[in-house]
Amino acid sequence: MAKDAESLIVLESFVGTVDGEERLFRIGDPVRASDPAVKKWPHLFGPTNFNHPLVEQATAAPGEKRSYRFKSKKVAAKPEPKPEPEPEPEPEPAGKAITLAGLKGE
């Protein structure tokens, strides 16, 4: 079926007993083609050569552009705050201003 140097991956998670030892195989785990479990359950293992990458690339490579654009959500504009009115100046007291010179009778 496969060469000893070749590695396979688990196609479906399962638990099995091989040579008196209970083993857990998780989907996607690499396994050597010479493993006794491969000979016992060959239908649960497959080749590692895929036509698509296993992990999606998170960022664009230098010079590469992403073709997908996210739809932008429309956000309501925040209303502009109203400026606070300036305080009115205090009115000057009515009447004649009294000075020290006026008190002395000058």
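Residues numbered from 1 in each chain as written. Predicted model: local features only at pLDDT ≥ 70, side-chain atom pairs only at ≥ 80, totals over all residues. Heavy atoms only, no water.

Brief notes about the overall build of the protein chain
Piece 1. The secondary structure content of the protein chain amounts to two helices and five strands.
Piece 2. Ordered by position from the N terminus, the helices and strands of the protein chain form the series β-β-β-β-α-β-α.
Piece 3. Relative to its 106 residues, the protein chain shows a buried fraction of 15%.
Piece 4. The long-range share in the protein chain, meaning contacts at least 24 apart out of those at least 6 apart in sequence, stands at 43%. (Helix = DSSP H or I, 4+ residues; strand = E, 2+ residues; numbered from the N terminus. Buried < 20%, exposed > 50% of the residue type's maximum accessible area, 1.4 Å probe, protein only. Contact = heavy atoms within 4.5 Å.)

Topic: the sheet that holds strand S4 (residues 30-32)
Backbone-to-backbone hydrogen bonds join strands into a sheet, with any given pair of strands oriented parallel or antiparallel.
Piece 1. Strand order in the open sheet formed by three strands is S4-S1-S5, with antiparallel pairing between adjacent strands. Each of the sheet's edge strands pairs with one partner strand only, and the pair in question is S4 and strand S5 (45-47). Pairwise comparison of adjacent strand axes, ignoring direction, gives a mean angle of 50° for this sheet.
Piece 2. Summarising the sheet, strand S1 (residues 7-10) and S4 pair through three bridges and their orientation is antiparallel. (Pairing = 2+ DSSP bridges. Axes fitted to C-alpha atoms, helices over the stretch in contact; angles between N-to-C directions.)

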